[in-house]
Amino acid sequence: MRDFSADHRWLSLNTATVRRQGDLLEIIEACARHGIRAIDPWRDQVAAIGLERAARTLRDAGLELSGYCRGGMFTSDAAHRIEARDDNRRAVDEAKALGAPCVVLVVGGLPQYSRPGSVASKDIPAARAQVEEAIAEMMEYARDARMPLAIEPLHPAYAADRACVNTTRQALDICDRLDGGRTGALGVALDVYHIWWDVELLGQISRAGKGRLLAFHVCDWLVPTKDILNDRGMMGDGVIDIRSVRRAVEAEGFEGYCEIEIFSEDWWRKPIDEVLRTCIDRHRTVV
Ligand code: ZN
């Protein structure tokens, strides 16, 4: 396993971690101040400053990307299907322009939540079938752009509103069905927040292998968790044995960035330099 104790060269910042503290330009400047080499920006943050300006600023700052957040929200009623498809195609185009290594997919839950305005449904098997069909369709487009897609399984608490793909096994089953030849077009983004509790986790990580492990996200699970969406913990403040998960992905050959992704009302209230200093310290001592 890589030794992170002496530097933070493998730290990437998911820009949602400091989304309240500044726009993407300010976040990029802060990363430069702290010697952070990579980020994973969100589409709304890129749109707010403009795609071309974002791409140029990233290049000038010499920043790499560890992913692009996010595509997906595939589930919708028939009236919103084209909108969802086109939106995901734009995500691929943007990722390409920014030089991202993959588009992270949060696949969507029930249609009324992932594509508001859709007719309400309680049919989660149908939602899952729709997700798979839509990923197959998006893959055709992404393959032409040579942009890998990374399915992020989300904790089951999000099954209704954000993602009906909830385990690593489920995500890998989709990968096997749609990309059985392991061409590199499809894989998973593993986020310790969503998967740490899973009894099958280590076995599924070795099933994934290097070829399917496209991204690795870290934060921590606080006890109690006051808000399932916006009360993620800083690494080391919760109960996840982050290092054991990192050991497992690196045993498969994963050698990419460890991306810090913390949605937290507490951390959003702190100055950006304090947040980044803490991220770097915990990356070296806990991740
Ligand atoms: Zn994540």
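Remember, it's a predicted structure, so these values are computed and weren't measured experimentally.

### Overview of the coordination of the zinc ion
Taken together, the protein ligands of the zinc ion are Glu152 (OE), Asp191 (OD), His217 (ND1) and Glu261 (OE), with distances of 2.0 to 2.2 Å. Geometry at the zinc ion is irregular, judged from its 4 donor atoms and the angles of 82 to 155° they form at the metal. Donor residues for the zinc ion sit on one chain with the sequence pattern E-x38-D-x25-H-x43-E. Highlighted residues: Glu152 in the loop between strand S6 (149-151) and helix H7 (168-178) and His217 in strand S8 (residues 213-218), separated in sequence by 65 residues.

### Quick look at the sheet that holds strand S9 (residues 258-260)
Sheet architecture is open: 9 strands sit in the order S3-S2-S1-S9-S8-S7-S6-S5-S4, paired in parallel fashion. Either end of the sheet is taken by a strand with one partner, and the two such strands are strand S3 (64-65) and strand S4 (68-72). The pairing of strand S7 (residues 186-191) with S8 spans 4 bridges and is parallel. Bridged to Ala189 within S8 is Ala215. Against the sheet, helix H6 (residues 124-144) touches strand S5 (103-106), S6 and S7, its axis set at about 155° to S6.

### So, the packing of aromatic side chains
Per the stated rule, a full pass over the model turns up 5 aromatic pairs. Plain terms: the ring middles of Trp42 and Phe263 are 5.9 Å apart, the flat faces sit at 75° to each other, and that makes the pair edge-to-face. Taken together, the residues Trp42 in the loop between strand S2 (38-40) and helix H2 (43-49) and Phe263 in the loop between S9 and helix H11 (265-268) connect sequence positions 221 residues apart. Comparing Trp42 with Phe263 shows no difference in burial state: the two are buried. Grouped by ring-pair contacts, the aromatic residues Tyr193, Trp196 and Trp221 constitute a single cluster. The ring of Tyr193 has Arg232 lying over it, and the distance from NZ or CZ to the ring centre is 4.4 Å. The ring of Phe4 is capped by Arg246, whose NZ or CZ atom sits 3.7 Å from the centre of that ring.

### Observations concerning the layout of surface pockets
Of the volumes computed, that of the largest pocket is approximately 250 Å³. Considering the residues around the largest pocket, the lining is formed by 19 residues, among which Trp42, Arg70, Arg162, Leu229 and Phe263 are closest to the centre. Mapped by element, the contributors of at least two residues to the lining of the largest pocket are S4 and S5. Split by residue class, the lining of the largest pocket holds 10 nonpolar, 2 polar and 7 charged.

### Quick notes on helix H1 (residues 24-33)
Those residues of H1 that sit buried are Leu24, Leu25, Ile27, Ile28, Ala30 and Cys31. Turning to H1, the residues buried within the fold contact strand S1 (11-14), S2, H2, helix H3 (51-61) and helix H12 (272-285). You can read the cap of H1 off the contacts: a side-chain oxygen lies 3.1 Å from the backbone nitrogen of Leu25, and it is on Asp23. At the exit of H1 stands Gly35, carrying a positive phi of roughly 65°.

### So, the pairing of S7
Burial of S7 is extensive: 6 of the 6 residues sit out of reach of the surface. Remark: the S6/H7/S7 crossover connection has right-handed handedness.

### Some remarks on the nonpolar core
Judged by nonpolar contacts, the single largest core of 83 residues is most densely connected at Ile39, Ile135 and Ile151. Of the residues forming this core, the biggest block, 7 residues, is contributed by H6. Aside from chain neighbours lying at most four places away, what touches Ile151 is Leu105, Val107, Ile135, Val165, Ala171, Ile174, Cys175, Leu186, Gly187, Val188 and Ala189. Among the nonpolar cores identified, the runner-up in size contains 10 residues, and Ala16, Cys102, Ala215 and Phe263 belong to it.

### Things to note about the side chain of Asn230
Within the fold, Asn230 resides in the loop between S8 and helix H10 (242-251). A relative accessible area of 17% means that Asn230 is categorised as buried.

### Looking at the pattern of salt bridges
Tallied over the entire structure, the rule returns 24 salt bridges. We note a salt bridge from Arg212 to Asp176, for which the minimum N-O separation is 3.0 Å. Here Arg212, found in helix H9 (residues 201-212), pairs with Asp176, found in helix H7; they are 36 residues apart in sequence, far enough to count as distant.

How each quantity is defined
Residues numbered from 1 in each chain as written. Predicted model: local features only at pLDDT ≥ 70, side-chain atom pairs only at ≥ 80, totals over all residues. Heavy atoms only, no water. Donors = N, O, S within 2.8 Å, 3.2 Å for Na, K, Ca; no water. Tetrahedral: all angles 85-135°; square planar, octahedral: opposite > 155°, others 65-115°. Helix = DSSP H or I, 4+ residues; strand = E, 2+ residues; numbered from the N terminus. Pairing = 2+ DSSP bridges. Contact = heavy atoms within 4.5 Å. Axes fitted to C-alpha atoms, helices over the stretch in contact; angles between N-to-C directions. Phe/Tyr/Trp six-rings, centres within 6.5 Å; stacked < 30°, edge-to-face > 60°. Buried < 20%, exposed > 50% of the residue type's maximum accessible area, 1.4 Å probe, protein only. Lys NZ or Arg CZ within 6 Å of the ring centre and 35° of its normal. 1 Å grid on protein atoms, 1.4 Å probe; cavity = no way out; pocket = protein on both sides within 12 Å on 5 of 7 lines; lining within 4 Å. Points joined across faces, edges and corners; volume = space filled by probe spheres on them. Nonpolar A, V, L, I, M, F, W, Y, C, P; charged D, E, K, R; others polar. Polar contact = N/O pair within 3.5 Å; in protein donor to acceptor, adjacent residues only side chain to side chain. Right-handed = clockwise from strand over helix to strand, strands pointing away. Core = buried A, V, L, I, M, F, W, Y, C linked by side-chain atoms within 4.5 Å. Salt bridge = Lys/Arg side-chain N within 4 Å of Asp/Glu carboxyl O.

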